[in-house]
Amino acid sequence: YHAITEVRLVYSVYYENESSLDLYTSKTDGSDVKRIKLTPEINETSPNLSPDGTKIVYVKRFRETNGDGQIYAIAIMDSNGENDHEITNRTKNVLESPQWSPDSSYISYAMGETSPTPNETYWSIHTYELSIGEDKIVTGKPERLLSTNRYHSWIPDSSSIIFNTRKNKTATSG
């Protein structure tokens with residue numbers, strides 16, 4: 001097994017004849033395309049390569065066969081597609097944008113919970129500490145009535161996260 005040590009893109013591709021999103025890598029010019037995962041029953045989205053190139057964190061989106069929507073989980077695997085395992089419980093809440101912390105000790109991600117009000121989703125940002133397997137809500141639930149927090153990024157060489165917040169009543173963000 002070798003880590004991805006050259007500059008490569010990691011991304012999801014949808015092929016209609018396969019009817020699922022699968023993970024691929026390629027050189028930045030689009031050449032040397034390699035499929036990492038082939039899972040027709042699962043869509044793999046939002047891949048993010050670890051700083052050392054050995055692991056990929058991504059969102060698994062399972063198709064529900066009974067019409068109840070989709071099920072999500074955050075998963076990690078080796079950058080060659082092996083040793084795939086889920087780090088969150090499977091949920092109907094939307095999970096997106098998993099990212100490695102600069103030191104690879106944490107995974108951050110956004111979770112969207114559907115509200116009882118139609119077409120409204122409450123977003124929160126979570127971190128998962130890899131060494132102890134603990135998931136924490138960083139922003140969101142206590143502030144649910146005031147704002148929703150969704151788009152986030154780690155500050156390079158730091159243990160801090162910046163994020164976008166939107167006040168629920170005004171839809172203003174900043």
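Residues numbered from 1 in each chain as written. Predicted model: local features only at pLDDT ≥ 70, side-chain atom pairs only at ≥ 80, totals over all residues. Heavy atoms only, no water.

Chemist: Help me out: how do you make sense of the overall build of the chain in this one?
Modeler: Counting its regular elements, the chain contains zero helices and 13 strands. Across the 174 residues that make up the chain, the buried fraction comes to 40%. Pairs at least 24 apart in sequence give 33% of the contacts found in the chain among residues at least 6 apart. With an accessible surface of roughly 9,800 Å², the chain has 49% of that area assigned to carbon and sulfur atoms. (Helix = DSSP H or I, 4+ residues; strand = E, 2+ residues; numbered from the N terminus. Buried < 20%, exposed > 50% of the residue type's maximum accessible area, 1.4 Å probe, protein only. Contact = heavy atoms within 4.5 Å. Areas by Shrake-Rupley, 256 points an atom, 1.4 Å probe, with all protein chains shown as cover.)

Chemist: Just to check I follow, could you spell out the sheet that holds strand 4 (residues 42-49) for this structure?
Modeler: Strand pairing in a sheet is mediated by backbone hydrogen bonds. Such pairs are either parallel or antiparallel. Strands sit in the order 4-5-6-7 across an open sheet of four strands; the sheet is antiparallel. In this open sheet, the two strands that pair with only one neighbour each are strand 4 and strand 7 (85-86). Taken together, the nine bridges between strand 5 (residues 55-63) and strand 6 (residues 70-78) define a ladder with antiparallel strand orientation. Directly across from Arg-61, in strand 6, lies its bridge partner Tyr-72. (Pairing = 2+ DSSP bridges.)

Chemist: Is there a simple way to think about the pattern of salt bridges in this case?
Modeler: Two side chains bearing opposite charge may form a pair once their charged atoms approach each other closely. Counting across every chain of the model gives eight salt bridges. Two residues, Arg-8 and Asp-32, come together in a salt bridge whose shortest N-O distance is 2.9 Å. On the criterion of sequence distance, the pair formed by Arg-8 in strand 1 (residues 8-15) and Asp-32 in the loop between strand 2 (20-27) and strand 3 (34-35) is long-range, its members being 24 residues apart. Take Arg-8: its relative accessible area is 11%, and that puts it in the buried class. With its nearest N and O atoms 2.7 Å apart, the salt bridge here joins Asp-78 to Lys-55. Taken together, the residues span a long stretch of sequence, with Asp-78 in strand 6 and Lys-55 in strand 5 at a distance of 23 residues. For Asp-78, a relative accessible area of 7% gives the class buried. The class for Lys-55 is partly exposed, based on a relative accessible area of 30%. (Salt bridge = Lys/Arg side-chain N within 4 Å of Asp/Glu carboxyl O.)

Chemist: I tried to follow the nonpolar core on my own but got confused; where do I start?
Modeler: Across soluble globular proteins, nonpolar side chains have a tendency to be buried as a group. Within the largest apolar cluster, 12 residues are counted, these being Val-57, Val-59, Tyr-72, Ile-74, Ile-76, Ile-87, Leu-95, Trp-100, Ile-107, Tyr-109, Met-111 and Tyr-128. For this core, the elements supplying multiple residues, two or more each, are strand 5, strand 6, strand 8 (94-100) and strand 9 (106-114). Residues in contact with Val-57, not counting those within four places in the same chain, are Ser-46, Pro-47, Asn-48, Ile-74, Ala-75, Ile-76, Pro-98, Gln-99, Trp-100 and Ile-107. Core analysis: the next-biggest nonpolar cluster, separate from the first, contains seven residues, Val-10, Ile-36, Ile-56 and Ala-75 among them. (Core = buried A, V, L, I, M, F, W, Y, C linked by side-chain atoms within 4.5 Å.)

Chemist: Explanation requested: the pairing of strand 5 in the structure shown.
Modeler: Consecutive side chains along a regular strand alternate between the two faces of the sheet. Relative to strand 5, strand 4 is paired through six bridges, and the arrangement is antiparallel. Bridge pairing in strand 5 links Thr-45 to Val-59.

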